[in-house]
Amino acid sequence: MLVLLGDSTAVGIGDPVSGGWRGFGPLLSSAFGGDYRNFALSGARIADVRRTQLPSALRLQPSAAVVIAGVNDTLRSDFDTRQLHSDLDQIVGSLSAAGTSVVTVRFHDQGRVFKLPGRLRRVLGERITALNEIIDVVVARHGAKCVDLHLLPGAYELPTWAVDRLHPSELGHRMLARAFAAKLVESGHDVGQVSLECSGGRELTIAHHVAWLLVKGIPWLWRRGSDLAPLLWSHDIPGEARSPVTGGGGGAVAGEALRADTGR
């Protein structure tokens, strides 16, 4: 059995089909064969995966699991590297101890895709770096597999992304499915090939991207910017943006955390 845990990328947002979202899950499942369950929820943070998704997944005794979460944590004022490390270690460690082959991701530069303002891009870039350092340590500790999105061919090309530039397009989801399939093969699973040929998706034009930016993109940026305001107006990026497992500081940044409804 294959299970998916994580946020809205794992839900499949960005790849609309009749009746909802598809995403990389069904594509990977078809290549993997056997049963498949997706426990991911839009807006989920790593702690949500640990508390609610992990127990349900473990009960099914899956042979393979894909875990994608963490970006929603980088967009919150209570970002805490020590807690993230503890939660992710429990997720990957529990699955690995149960005999499940785990595949996760290292994240790319979100600001490069979304074209964030310089200061906000710097803050989020520091946090993505800290998150990736945690992922590196946890993956190495438990022998999990990892897809580096920054190194994925086409990762920074516009056709890879949905109109919001936060979620993969159909092509992007197919690229993820193919990359995960390759990692599962490395883990000893017999997984078929995933096609990159798109069909049935809506073709996006420059007008679509401009319209989304004006109607949804700028309001989204305003909400996230207000949550990160204590960081944006400080003189230096606090030590909390460095991974505690590589010698950095820890502790959450002061400020009220918004609800985990990021649309990711």
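What counts, and at which threshold
In this numbering scheme, every chain counts its residues from 1 along its sequence in written order. Thresholds applied to this predicted model are a pLDDT of at least 70 for local features of residues and 80 or more for the giving and counting of side-chain atom pairs; totals over whole chains, interfaces and linings are not thresholded and use all residues. Side-chain numbers come from the whole structure's heavy atoms, not from hydrogens or water. Exposure categories follow from relative accessible area, calculated using a 1.4 Å probe and restricted to protein chains: below 20% of the type maximum is buried, above 50% is exposed, and the middle band is partly exposed. Segments assigned H or I by DSSP are reported as helices when at least four residues long, segments assigned E as strands when at least two residues long, and all are numbered from the N terminus. A pair of strands is considered paired only if DSSP assigns at least 2 bridges between the two. Here a helix's expected span is defined as the number of its residues, less one, multiplied by 1.5 Å. The bend reported for a residue corresponds to the angle between axes fitted to the seven residues ending at that residue and the seven starting there. Contacts are assigned to residue pairs that have any heavy atoms within 4.5 Å of one another. Interaxial angle, 0 to 180 degrees, is taken between N-to-C directions of lines fitted to C-alpha atoms, where a helix line uses only the stretch in contact. Each cavity reported here is a set of points on a 1 Å grid over the protein atoms alone in which a 1.4 Å probe fits but cannot get out, each pocket an open set with protein on both sides within 12 Å along at least five of seven lines, and each lining residue one with an atom within 4 Å of a point. Grid points are joined across faces, edges and corners, and a volume is the space filled by probe spheres set on the points. Only Asp, Glu, Lys and Arg are considered charged in this grouping, and only Ala, Val, Leu, Ile, Met, Phe, Trp, Tyr, Cys and Pro are considered nonpolar; every other residue, Gly among them, is considered polar.

Draft legend 1. Local environment of the pairing of strand β1 (residues 2–6). A large share of β1 lies buried, amounting to 5 of its 5 residues. Of the two faces of β1, both are covered, the one formed by L2, L4 and G6 as well as the one formed by V3 and L5. The pairing of β1 with strand β5 (residues 64–68) spans 5 bridges and is parallel. When the sheet's bridge partners are listed, L5 is paired in β5 with V67.

Draft legend 2. Up close: helix α3 (residues 46–59). The end-to-end C-alpha separation of α3 is 19 Å, in line with the 20 Å expected for 14 residues at 1.5 Å each. The sharpest bend along α3 comes to roughly 45°, located at Q53, with the proline P55 sitting one to four residues further on. For α3, every residue scored as buried is listed here: I46, A47, V49, Q53, L54 and A57. Where α3 is buried, its residues meet β1, α4 (71–74), α5 (81–97) and α7 (118–142). Positive backbone phi, approximately 50°, marks Q61, located one or two places after α3.

Draft legend 3. Summary view of the environment of T81. Within the element layout of this structure, T81 appears in helix α5. In this structure the C-alpha to C-alpha distance between T81 and I134, which are 53 residues apart in sequence, comes to 7.9 Å.

Draft legend 4. Fine view of the sheet that holds strand β6 (residues 101–106). The strand order β4-β1-β5-β6-β7 describes an open sheet built from 5 strands, whose pairing is parallel. On the outer flanks of this sheet lie β4 (36–38) and β7 (145–148), each paired with one strand and no other. Strand-to-strand twist in this sheet, taken as the mean axis angle between neighbours without regard to direction, amounts to 20°. Taken strand by strand, α7 contacts β6 and β7, and its axis lies near 160° from that of β6.

Draft legend 5. Seen up close, the environment of V163. Within the fold, V163 resides in the loop between β7 and α8 (170–186). C-alpha of V163 to C-alpha of G14: the two residues are 149 residues apart in sequence and 7.8 Å apart in space.

Draft legend 6. Molecular detail of unusual backbone geometry. Unlike most non-glycine residues, Q61 shows phi in positive territory, near 50°. Mapped onto the elements of the fold, Q61 is located in the loop between α3 and β5.

Draft legend 7. The arrangement of empty space enclosed by the protein in detail. The full count for this structure, using the stated rule, is 2 cavities of 30 Å³ or more. Estimated volume of the largest cavity: approximately 170 Å³. Around the largest cavity, the lining is made up of 16 residues, and of these H108, L149, W161, P168 and L176 lie nearest the centre. Ranked by residue count, the leading element in the lining of the largest cavity is α8, at 3 residues. The residue makeup of the lining of the largest cavity, split by class, is 11 nonpolar, 4 polar and 1 charged.

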